[in-house]
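Coordinates in review
Each chain, written out:
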Amino acid sequence: MRTTRTRHVFFVGIDVDSLGGSQRVIHTLAQGLGGRGHRVEVVGIRTAPEPFRYHDEPTYEHTTLYPDTPAAAWHAKSLTERLSPTRNLSARRNKAARTEARAKLQARFDAVPEGFVVFGSPWAADWVLPLHWPQLKGIGQYHESFLQARTSENKDLILRHYPLMSKALFLSQGDADEFTRLRLPNAGVMPNPLSFYPDAVAPAGTRRVAAVGRLEGIKRLERLLWAFAEATRDAHQDWELHLMGDGPQEDYLRETAVELGIADRVIFRGRVSDMSRALREVDIVALSSEKEGRPMALAEAAACGVPVVSFDLSAGVRELVDDGVTGVLVPSGDMPALARALERLIADPELRCTYGKAAREHVRPYALEAVLDRWEDLFDEIDR
Amino acid sequence: MSSPSTPDVSVVVIVYNDAERLPRAVRSVLAQTLNSLEVIIADDCSTDTTPDVARELEAADPRVRYVRLEHNSGGCSAPRNRGIEVSRAPYVMFLDSDDELPPHACKSLLLTLEKSGADFATGDVERYFEATGRTALWYPDLFLEEEVVHGLQEKPEMLFDHLSTNKMYRREFIEEHGLRFPVGIHYEDQLFSAQAFSLAKSFVVVPWVVYRWYLAAANEKLSISSSRHKMQNVVDRMTVARLVDEFFVQAGQSRALKTAKDHKFLRHDFRLYLGDLPHRPKEWVAGFAEATVPYLATLNDEAYALLPPDERICLYLLRAGRLEETVEQARILGRPKVAPRYVTRADDRAYWGRVVPETAEARENLDVTERHYENQVFETAILRHEVESFRTEGTALVLRLRTYDPGLLLGDEPVEARVNLGTTGRIMRTPFRLLPDGPGEFAGEVTLELADVPLGINGFVGRRHPTVTLRQGDLTNTNILLGQLGFTPLARRITYRRIERHSVRIECEPAGAGRFQITWDRTGAFKEVKRLGPIQRRIKRKVKAARKKLNSHENKATIYRALTRLPVRKGLVLFESVEGKGYLDNPRYIHEELVRQGRPVDVVWSYAGDTSTFPEGVKLVRRGSWQYVHTMARAQFWVDSHNLPSIYAKRPETHYLQTWHGQTMKTMGFDVPSLRNAADDAQSKHQAMVDRWDLLVSPSEEFERTFVPANKYTGDLLRTGYPRNDVLVRWEEPEQLERAQEARNRLGVPDGARVLLYAPTFRDGGRNTGSSIRVDLRELVDNLDDDWIIVVRAHYYDRFTVPAELAHVVRNGSNFPDVNDLLLASDALLTDYSSLMFDYANLRRPILLFVDDYENYKHGERGTYYDLEEIAPGPMLRETSELVDVLRDLDPVVEEYAERYEKFHTMFCSYETGHASRTVVDAFFGEEQQ
């Protein structure tokens, strides 16, 4: 049993209440740390358009700084509009709302004698840095890959703000190394926790391949449909592809499935609430996205003993899937290779079983309790 | 982990009579992200208020301890050694009282050492120049990534990292080897660091900054390490180098490591003194030679061989006792564009100096054949301009210049020249002529009117170094102007604009090459004007902010919309190429055709920045200006090749011809993942931009298969081929042959030589880094026969400068505004993924592809339409040696790829007829102009 000091921890994000991967991580961590007796407060800067309730009985406090969704940035369409007093008034009101929101957070900070502020993104840090909180230690997180940071403003924001933090956290060693190369002095690694790690699992044998995630363009699910059709064209026609998630591309994907002649074997499951159970009912999880940082879906599949077939997209993916040990990685965009890999796993139940067992072991360090230990170690390290 | 009472790290801060800055140093340690540390203030028996200040610091924080040496040791060693002895932590760092530790230094190095178990860790140093407020990294190339190095032999260049302060040492390591700083000598760091590197089983290198080194402004009190004018200082450096040598012998280090140490000594330590020689009295130089030459003789020959040629020659002259020439040569160290005064030739070899060296040894050491002084083109000619004498006439400065041209490139005719001198604004250019004065020498006189030099609104305080530009036709060659060594500075008082009184000093820059230098200072009542600085800055900032607000995109869009209510101006055409890059690309050729046909149109070109490429008489508007907004709103026609800014919605009466700027390997439009996956508003914004096009030029069916659907363009197509490619299809016509010859002349291509145009595209994330130039040009030049000239044209997102040592074969084609000149002038194209290859195929000349990073490119985020191996019209090369082989025997390769080339041509050039400009003009302006 670990003994550790009770900590006061703020988790601050721009939007912490939408349904999404990074939001789930924040609430899982907050709940876990709260359960261990730490005083945790989750702070959302903006209100979510469709808030999601992650825990029925939260062990942490929860604040949102802006009272309502602020109006989108406004550009005048004509001269009269430009000069319109109501418009200018509302612009001024927006400014006042920000001042108020900052004051609200300042009051929360002032109430705490010592502790930590964990920023979900460099944007959150950018918003909070003008405040005064010398008694607290900052921790900056970045939830995407270095590549994603490099092609956006995030890289510069990170290099500007995160040296001021006690620690800058990235999801994989590869990403941390890239920032270290840019001479960031305090880069470290903190994996996201799995929200579940079932006690025991057995192969499902349901003949199902699953894809987990929103049905949106960046997931490139049409590529998976094609690969699945290829892999089951000549045999294995009793296999099904389950898409777990909803999103704007649903109609397009349904059409594509029809065109490929596999409409009867592609099951649109919609948003799945109990992912742990859903994953225990599939034999393979596949990922065909355009890009991914460190996709939780792969770690969750592994936790349930499900082998993975995926494009080799990032250091994060390579970290979660040990190619040839816990699953198969194929070159990004190489669809025939994806189809071949699927077919091989579909045809070989023993291989699935071996990979599945290895996968479970492989992600054991990402089980919630292990990750919470790492957070407590990090707090100790910062305190040294 | 150590017990709670023992700190994790001890930082030894040494101090001597520095009460003023000590608190800053100590505070930087106490503010570390590591709390568990102790500060040992080790005082070398200061005589100022240092003890009081130190005791105050000690009283204020229990982590601070003050120790004081009984006697002043005069160096850094004794206090540091004392610090080691009294400190308690398992890890030790050193800090000087005038420097600082950045906040993460202790924690980050500690974690690294705990993780690796290495003996010490070293990180980069940030130098802070107090005079200017600028910072620079110290030897950044040594610290590129976090790495554990198992023994110095794995990375001998770390000997350049000879400071002791940017490191954290494991105490056990220090104690095991009894490491201490040598007392009684200077540069104690160097011995200590060399020992540490040599003894460590492993050490860690980290790329982040772990030490902040303050460099005082030059006129302040000089610290020990910058007293290079004292002979003792030279002796001290050699003493420590000898001690390192002795230590290496004892430790049984390899000859390779000794070479690495010698090289570092020559390149770093000794180089500092060499560079100072032009500014030392004659006797000093003699004493210096006497003191150093015996030691230089003990250094490994291999270490000399690693030096840049100019430096090697300088050292040879010094060792040969040719001291005047040593000084002459020392002025060009680190300036490969500046020539020695004389070069002689014998038996196909070129030698430094006025006469051919007599001995074989001298010939070997003074051989400069490889510098190719005589094989340069005018623009890269390596020259040397010196002020021979000068006098003043009132406020005018009459300079007598001598120009040395050891490559004999300027011929024996007078040369047009000018001197450039500016302060903050416009540059004053004073023309004069250089007249031949003996072989390879020119002389000339120029009068600089100092009262005419444009000063800023507040006058000027600072120094400037005039440069000299020579001109031949529209080619120029600019170089520095060396001053006259050893004359007494001259001062003049000059009043500008009647009231602004300045003192102007004329002298030879007292360091480095010794450039001719002019220094301004405000005097009299006008001196006080600088007090207004802060107020003025504040006003300037406010004005700038107000102007920015007024000129915002939003305001422009609003005004634009208002202006579109006015009627269009019949016949007004707005031309723009690649976001205003200049007079080039398809729009240029369409404009030329309009002129040829004499159509009654009123043409206005948009430019962004440079206007030099436009022919005289063309009306110009700056892209984004209010004038531009007005022209956009009123024009009847828009002709463009990139996409006009999205804030301008097109009115129905305006006709928009989109020519686009090429076919591409890379995905375009909605096929680009970042756009396809973008939010709806970004997508509709792009769609709205495309929907403005009334007519799109198509070069091939392939284009209609990729680009057109990718942009969801449904308007009319002009299947004419690209107007800009007409000259390529019709390259055999006299006009084009002449244009090719002109370009070859401009590039300085000798008759009979072949031209390889190397035009790679840019790399994502590598803009303006030169990273797109992936061929090893040196290897290429070394292995090619003489008949190839390599013209490098960097993509406009990247940059390229010709390395001075390759300028005899390599030319820079980046300055040609229209790439067609280069295409026509070339005999073969070397590219990678550039769209240029699609145009080049119209010439039907060989295309080679250098694609060493093909895997990265192919799997990059952007995605490509083609697998290069499937469409490649020529060989795909991955190593420079393969390229050499192909160029040595090109014909069989051309033959081998003939069929594929033909297929490529059919695929991408199918609509090209050589008359696209005419057809496009007729189609677009023909009917619609009425």
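Small disclaimer: the values here were computed from a predicted structure and weren't measured. (Residues numbered from 1 in each chain as written. Chains lettered and ligands numbered in written order. Predicted model: local features only at pLDDT ≥ 70, side-chain atom pairs only at ≥ 80, totals over all residues.)

Counting its secondary structure elements, chain A contains 15 helices and 13 strands. Relative to the 2.2 N^0.38 estimate, which gives 21 Å for 384 residues, the radius of gyration of chain A is 23 Å and therefore close to what a compact globule would have. In chain A, which comprises 384 residues, the proportion classed as buried is 44%. Across chain A, the fraction of contacts at a sequence separation of at least 24, relative to all contacts at a separation of at least 6, is 66%. (Helix = DSSP H or I, 4+ residues; strand = E, 2+ residues; numbered from the N terminus. Rg over C-alpha atoms; globule rule 2.2 N^0.38 Å. Buried ≥ 20, exposed ≤ 12 C-beta atoms within 10 Å, placed from the backbone. Contact = placed C-beta atoms within 7 Å.)

Okay, the overall build of chain B next. In terms of helices and strands, chain B carries 31 helices and 35 strands. The principal-axis extents of the C-alpha atoms in chain B amount to approximately 100 × 75 × 70 Å. When each of the 930 residues of chain B is scored for burial, the buried share is 40%. Across chain B, contacts joining residues at least 24 apart in sequence account for 71% of those joining residues at least 6 apart.

Residues and elements named next belong to chain B. One non-glycine residue, D585, adopts positive backbone phi at about 65°. Examined against the element boundaries, D585 turns out to sit in helix α16 (residues 585–597). Even without being a glycine, N643 presents a positive backbone phi close to 140°. Along the polypeptide, N643 turns up in the loop between β26 (635–640) and β27 (655–658).

Next up on the list: the environment of A:G20. Residues and elements named next belong to chain A. Along the polypeptide, G20 turns up in the loop between β1 (8–13) and α1 (21–35). Accessibility expressed as a C-beta count within 10 Å gives 15 for G20, which makes it partly exposed. For the pair formed by G20 and G213, sequence separation is 193 residues and the distance between their alpha carbons is 9.5 Å.

Okay, the pairing of strand β14 (residues 415–422) of chain B next. Residues and elements named next belong to chain B. Note: β14 against strand β15 (residues 427–436), eight bridges, orientation antiparallel. The residue of β15 that forms the bridge with V415 is L434. Taking the residues that link successive antiparallel strands as the turn, the β14-β15 hairpin has four residues. (Pairing = 2+ DSSP bridges.)

One widely used convention gives an interface's size as the accessible area the parts lose upon coming together. Counting from both sides, the interface comprises 23 residues of chain A and, opposite them, 24 residues of chain B. Of all the secondary structure elements, the ones that give two or more residues to the side of chain A that touches chain B are α2 (79–83), α5 (146–150) and α7 (173–181) of chain A. Of the residues belonging to the side of chain A that touches chain B, the class tally is seven nonpolar, nine polar and seven charged. (Nonpolar A, V, L, I, M, F, W, Y, C, P; charged D, E, K, R; others polar.)

A word on the environment of B:V708. All names here are of chain B. Topologically, V708 is positioned in helix α20 (residues 701–710). Each C-alpha atom, one on V708 and one on S698, is 8.9 Å from the other, the two residues being 10 residues apart in sequence. Apart from residues lying up to four places away in sequence, V708 is in contact with F703 and Y713.

Residue and element names in this part refer to chain B. Spatially, β32-β31-β30-β33-β34-β35 is the arrangement adopted by the six strands of the open sheet, whose pairing is parallel. Of all strands in the sheet, those with a lone pairing partner are β32 (810–812) and β35 (876–877), marking the two edges. Direction of pairing for strand β30 (residues 754–758) relative to strand β31 (residues 788–792): parallel, over a ladder of five bridges. Residue pairing in the sheet places Y758 in a bridge with V792 of β31.

A word on the sheet that holds strand β16 (residues 441–449) of chain B. One closed barrel accounts for seven strands, arranged β12-β13-β16-β15-β14-β18-β19 (chain B); its pairing is mixed. When the angles between neighbouring strand axes are averaged without regard to direction, this sheet yields 30°. (Axes fitted to C-alpha atoms, helices over the stretch in contact; angles between N-to-C directions.)

Turning next to helix α4 (residues 105–116) of chain B. Residues and elements named next belong to chain B. Here α4 contains 12 residues, and its C-alpha end-to-end distance of 17 Å stays within 8% of the 16 Å for a straight helix at 1.5 Å per residue. Along α4, the positions that sit buried rather than exposed are A105, C106, K107, S108, L109, L110 and L113. Where the residues of α4 are buried, they touch β1 (9–15), β2 (37–43), β4 (91–96), β5 (120–129), β8 (167–170) and β9 (203–215). At the exit of α4 stands G117, carrying a positive phi of roughly 70°. (Expected span 1.5 Å × (residues − 1).)

Low pLDDT marks stretches whose predicted atomic positions should not be read closely. The predicted model of chain A has a mean per-residue pLDDT of 88, with 96% of residues at 70 or higher. Element-level pLDDT for chain A is lowest in α2(A), with a mean of 70, against a maximum mean of 96 in strand β6 (residues 167–170) of chain A. (pLDDT = per-residue confidence, 0-100.)

Formed by 226 residues in total, the largest nonpolar core has its most connected members in A:V285, A:L298, A:L342, B:V13 and B:I41. In terms of residue count, β9(B) provides more of this core than any other element does, nine residues in total. Leave out the neighbours within four places in its chain, and A:L342 touches A:V209, A:A227, A:F228, A:A231, A:A286 and A:V309. Ranked by size, the runner-up nonpolar core spans 49 residues in total, among them B:L747, B:L822, B:F850 and B:L887. (Core = buried A, V, L, I, M, F, W, Y, C linked by C-beta atoms within 7 Å.)

Residue and element names in this part refer to chain B. Where helix α9 (residues 282–296) meets helix α11 (residues 309–319), the closest approach of the two axes is 10 Å, and the angle between their N-to-C directions is 110°. Between α9 and α11, the crossing angle belongs to the class labelled roughly perpendicular. In this structure, the crossing between α9 and α11 has a hand that is left-handed. Mapping the contact onto sequence places A289, V293 and L296 in α9 and L315, L318 and R319 in α11. (Parallel < 35°, antiparallel > 145°, perpendicular 65-115°, else oblique. Left-handed = near helix turned anticlockwise from the far one by under 90°.)

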